[in-house]
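Architecture at a glance
Next come the chains, spelled out residue by residue.
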Amino acid sequence: LVPEMLQRLLGDRFKLTFHMGSKEFPVYALMVGPKGAKLTPCPPDFDQATHREVSPMTLDRYAEVISPVFDRPVIDKTGLPGTYLLSPSPVGRALAQRFAARIRNLNQPDSAPATLASEPSGAAISTALADLGLKVEAIRAPLPLLVVDGIEKQPTEQ
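How each quantity is defined
Residues numbered from 1 in each chain as written. Predicted model: local features only at pLDDT ≥ 70, side-chain atom pairs only at ≥ 80, totals over all residues. Heavy atoms only, no water. Core = buried A, V, L, I, M, F, W, Y, C linked by side-chain atoms within 4.5 Å. Buried < 20%, exposed > 50% of the residue type's maximum accessible area, 1.4 Å probe, protein only. Helix = DSSP H or I, 4+ residues; strand = E, 2+ residues; numbered from the N terminus. Contact = heavy atoms within 4.5 Å. Pairing = 2+ DSSP bridges.

In this section: the nonpolar core. Nonpolar side chains in soluble globular proteins generally cluster together in the buried interior. Counting residues in each nonpolar core, the largest one holds 18 residues, and the members touching the most others are L30, Y62, I66, F70, L86 and L129. Contributing elements (two or more residues each) for this core: strand 1 (17–32), helix 2 (59–66), strand 5 (83–86) and helix 4 (120–131). At five residues, the largest contribution of residues to this core is made by helix 2. Setting aside residues up to four positions removed in sequence, L129 forms contacts with L30, Y62, I66, F70, L134 and V136.

This is how it looks when you write it as C-alpha cells:
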C-alpha cells in the first residue's frame, strides 16, 4: 500500500506509526446475473496487439476498472476464476458521461445530487454489465484500511 522507502521516511521524520485494519463500508458487489455470465475466457495465445478493443483481465480487476463509474467501490463477488476478454469501452463512455454530469452540477449548487439510476452513465454501465451476464448489487463489506496510530506535527531534523 505505502512503498517501503516512503514508510521509512515518514517514520523517521514524522514518527508515523500505523497498522492495517479493515472496516465495513457500503460497496457494490459485482455478481453473476440471473441468466448466467456471458464471458469469453482469454485464450493462452491471445495477442493484445491485434485485438485492441478488448483486454484480458480477471473479474477482480474489472471490478476495480468500473469502480470510478459508481459512487462507491465495486468488489468482485462472482466467484468466477480466470481471465476473460473484456471491453473497457462501455466503461469509458459511462465514465465520460458521469464526469460531464458532475461538471454540469458544479454550476448548479442548489440542485439535488444525481443518483446513479438517474444518470445516463448508470444506464450505460448497467446495460454493458447485463450484456456480459453481470450485475451490481448494493451490499456492506469489509475493506482494507490504513489506520494511523500516531504522527508528529513537526518533522525531526535530518
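Time to look at the sheet that holds strand 3 (residues 55–58). Strand order in the open sheet formed by three strands is 2-5-3, with antiparallel pairing between adjacent strands. Each of the sheet's edge strands pairs with one partner strand only, and the pair in question is strand 2 (40–41) and strand 3. Bridge count between strand 2 and strand 5: two bridges; the pairing is antiparallel. When the bridges of strand 5 are listed, T40 appears paired with L85.

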